[in-house]
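Take a look at the letters that make up each chain.
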Amino acid sequence: MKPQMRNLNLFLFLLLSLHFISVLSWKREEFRNCNQTPFCKRARARKPGSCSLLARHVIISDGDVTAKLLPKNHETSEDHHEINPLLLTLSLYQDGVLRLKIDEDPSLGPPKKRFEVPDVIVPEFSNNKLWLQRISTETIDGDTGPSSIVHLADGYEAVLRHDPFEVYVREKGSGNRVISLNSHGLFDFEPLTAKGEGEEWEESFRENTDTRPYGPQSISFDVSFYAADFVYGIPEHATSLALKPTRGPGVEYSEPYRLFNLDVFEYIHDSPFGIYGSIPFMISHGKSRGTSGFFWLNAAEMQIDVMGAGWDADSGISLPSEKTRIDTFWMSEAGIVDAFFFVGPGPKDVVRQYMSVTGMPAMPQLFATAYHQCRWNYRDEEDVEDVDSKFDEHNIPYDVLWLDIEHTDGKRYFTWDRMLFPHPEEMQRKLAAKGRHMVTIVDPHIKRDDSYNVHKEATKKGYYVKDASGNDFDGWCWSGSSSYPDMLNPEIRSWWADRFSFEHYVGSTPSLYIWNDMNEPSVFNGPELTMPRDALHYGDVEHRELHNAYGYYFHMATANGLVKRGEGKDRPFVLSRALFAGSQRHGAVWTGDNSAEWDHLRVSVPMVLTLGLTGLPFSGADVGGFFGNPEPELLVRWYQLGAYYPFFRAHAHHDTKRREPWLFGERNTELIRDAIHVRYTLIPYFYTLFREANTSGVPVVRPLWMEFPSEEATFSNDEAFMVGNSILVQGIYTEDIFSAS
Ligand SMILES: *[C@@H]1O[C@H](CO)[C@@H](O)[C@H](O)[C@H]1NC(C)=O
């Protein structure tokens, strides 16, 4: 190492240490709340019934129902030329899936096309489309005007009420509603605007300014679930399985559930605050009818309120089946309405219907379903060899040894610190000889260093995300000054995938797999520790429009890299921290940087169950807790529970004490060994469940109510869960407790 590099490293180290000192616990003020987020504040202030849009020109076109949404006063207004109608499309798909799209009319010249998230809906989905031939019009009891009605699936109809506009699914015959949109008249759609003379839309948060060149462009609306006792889903939050209300008389939370992928240091264990991933998919379940679902394909920041009973007491709007209805309110900063309604009626039906849109989960390799040993960091080759042999000595099985960021040459991914890891291939071969694998970390922040070939090439080819003024975006992360490949662009994803070939990734072998961290993306000096919203991607898409999917595209490109490397014969393994709808097709995810606390052990269960419900069967929490030093009892309990996570990995922060399973005395080693042995005994069962998930979408670990949908007592239980349909697991989440009551 050259002396000046050593100094640079020392400087970086000091800087990062400072960073850590300042983030020893969750810093609420680093992050925006709803009141500091103008679109959220505006949307939340709206009153029920304030939407005055009518559906007009309702016709069948190309097998879909289409309509124009116009404001009520449009026909009478003097200056009605000013108001551009919105276009509404209702499409029907097999298996009880209704799709609703609402966007500006491109022929009326909005300044730019609004972003529609590509590559999430699987191509096969379009084969499921039902071509509509007939539409009937009637005035439904209680309405003053007509509705258009179409047959959706066995026993279900989709209804578009014209005035005021409302979309819902109801049961045929009984007419009972299942799920509806805009029943409370909260729908709002802010059209894009070209900046006029003197207009100023800049927004500031802390020291960052967002230029917002197209002005406010948010969308919000209410969605109601009928015959629903609880709603679930919309990860990722560290909170209960059954979602608590966020608004209404006497509710505990005041913030909506936020979906905004963020690198949150030491997240707290019971909060609607958004963390690393976002899946805008909500599921309702109730004893009287069953399950239904709603998915909004939109990758901008989203905020979702679950309304408590009585929130609309004086709105003057009355809806059927008052008692068992759950109202929710969805707000997004940008994009379009591209929403899917799923009729169920069972929990497994809803998950399958959702996956007909976003794809079935990938089938993992057998080794990936076993136990993984990770730490920031296994220092060098000697450390790796030592840990590996101690597992054998202590008769504890493990399958994968992980290397965190310190294995690289100065956080230049795809390189090795040749002082610490002089023989990476030999090291991997030694592990492979025992049937073991290695995983190295590859993050999206590329060190801005002209001698680093990945950076050189990305710069030359113009592959980086641009800042608002069109230069390569430059942010601070582990590697210091860094830029981020624009993963929205398929050409760049393909280039990225090629980085994983044995030729490009020098020192990699066929037994090496990959871990994607920091892909929210994390930017230490960016607003809320991420990329500015006015940064620019492929096709002039603003970062605000795709933020929640950036990590998804990164995960996709990395997984495709391993597929290419193996010439399609080798199933990839890539773990990702950031996630979005569809991540199930690309690999595993984990719940990020948790803490060595009993509360984090407890919340890992609803977090993993929620990910499974929303399509991601392959997830787990860091066993032992990432931050802090677990007491031996907590560590043992974590192994005993973690042995049933679909993804079973121990991991620990750089500053924690070593905690390999044999370091806590004979008795604790024995308990941990037993827990890991149980997992290994069950691996054929787990592997079979992964195949079941791969073909039917049903998650590997399941909330009790998924297996016992009419047992009311299970609906809000998130301490116990099912592994498949045959094993019930009850965790122990408290010190000094030896059985669950
Ligand atoms: C199952 O997993 C494989 C391998 O990841 C994937 O190619 C396939 O699309 C998945 N789904 C089904 C239904 O087989």
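Along each chain, residue indices are assigned from 1 in the same order as the chain's sequence is written. The predicted nature of this model means local features are confined to residues of pLDDT at least 70 and side-chain atom pairs, given and counted, to a pLDDT of 80 or more, with totals for whole chains, interfaces and linings taken over all residues. Each side-chain value is derived from all of the structure's non-hydrogen atoms; neither hydrogens nor water enter the calculation.

Per an unreviewed UniProt entry, the chain carries the name Probable glucan 1,3-alpha-glucosidase and comes from Juglans regia. Entered under Subcellular location (unreviewed entry) in the UniProt record, the comment concerning the chain runs "Endoplasmic reticulum". UniProt positions are given in the numbering used here, feature names are shortened, and annotations may be inferred rather than shown by experiment. We quote the UniProt Pathway (unreviewed entry) comment for the chain here in full: "Glycan metabolism; N-glycan metabolism."

Draft legend 1. Geometry of the pattern of salt bridges. Criterion for a salt bridge: a side-chain nitrogen of Lys or Arg within 4 Å of a carboxyl oxygen of Asp or Glu. For the coordinates displayed, the defined rule picks out 61 salt bridges. Two residues, E301 and R32, come together in a salt bridge whose shortest N-O distance is 4.0 Å. Taken together, the residues span a long stretch of sequence, with E301 in the loop between β19 (291–296) and β20 (302–306) and R32 in the loop between α1 (3–22) and α2 (38–45) at a distance of 269 residues. As a salt-bridge pair, R247 and D305 come within 3.3 Å of each other at their nearest N and O atoms. In this pair, R247 sits in the loop between β15 (230–233) and β16 (257–259) while D305 sits in strand β20, placing the two residues 58 residues apart along the sequence. Secondary structure elements follow DSSP: runs of H or I of four or more residues count as helices, runs of E of two or more count as strands, with numbering from the N terminus.

Draft legend 2. Layout of the UniProt feature "domain: Glycosyl hydrolase family 31 C-terminal" (unreviewed entry) in the chain. Under the UniProt annotation, the feature "domain: Glycosyl hydrolase family 31 C-terminal" (unreviewed entry) is placed at residues 697–735. Structurally, residues 697–735 is divided into 10% helix and 26% strand, and its ends, taken at the C-alpha atoms, are 36 Å apart.

Draft legend 3. The nonpolar core, seen in detail. Definition of nonpolar core: a set of buried residues of the types Ala, Val, Leu, Ile, Met, Phe, Trp, Tyr and Cys, connected through side-chain atoms within 4.5 Å. Relative accessibility under 20% of the residue-type maximum defines a buried residue, over 50% an exposed one, and the middle range a partly exposed one, all with a 1.4 Å probe and only protein chains included. Judged by nonpolar contacts, the single largest core of 153 residues is most densely connected at W496, F573 and Y639. No other element matches the nine residues that helix α10 (residues 598–613) contributes to this core. If we skip the residues at most four places from it in the chain, F573 touches F367, A368, H372, W402, V439, Y513, I514, L562, A588, F618 and F647. L90, Y156, L243 and W296 belong to the second-largest nonpolar core, a separate cluster that totals 50 residues. We call two residues in contact whenever any of their non-hydrogen atoms come within 4.5 Å of each other.

Draft legend 4. Seen up close, the state of the cysteines. Disulfides are defined in this document as cysteine sulfur pairs within 2.5 Å. For the structure on display, the rule yields one disulfide. The side chain of C34 participates in a disulfide bridge whose partner is C40; the two sulfur atoms lie 2.2 Å from each other. On the sign convention where negative is left-handed, the bridge of C34 and C40, at about -105° about the S-S bond, is left-handed. You can see C477 has no disulfide; the closest cysteine sulfur is in C374, sitting 17 Å from it.

Draft legend 5. Inspection of the site of the ligand at higher detail. We call a residue near a molecule or strand as soon as one heavy atom of that residue lies within 4 Å of the molecule or strand. Looking at the ligand, the residues that line it are M360, P361, A362, M363, R691 and N694. Any N or O atom pair separated by 3.5 Å or less is treated as a polar contact, with the protein-specific requirement of one donor-capable and one acceptor-capable atom, and with residues adjacent in sequence counted only for side-chain atom pairs. Contact distances for the ligand include 3.0 Å between an oxygen atom and a backbone N or O atom of M363. Interatomic distance of 2.5 Å between a side-chain N/O atom of N694 and an oxygen atom of the ligand. For the ligand, the protein covers 49% of the area, taking 350 Å² as the surface of the free molecule. We get accessible surface area from the Shrake-Rupley algorithm with a probe of 1.4 Å; when it comes to residues, only the shown protein chains can shield them.

Draft legend 6. Region of interest: unusual backbone geometry. Residue P345 follows G344 across a cis peptide bond; omega there is 10°. Take P345: it is sitting in the loop between β22 (337–342) and α3 (347–358). Of note, the phi angle at R212 is positive, near 40°, even though the residue is not glycine. Along the polypeptide, R212 turns up in the loop between β13 (208–210) and β14 (219–225). Despite not being glycine, D540 shows a phi value in the positive range, around 60°.

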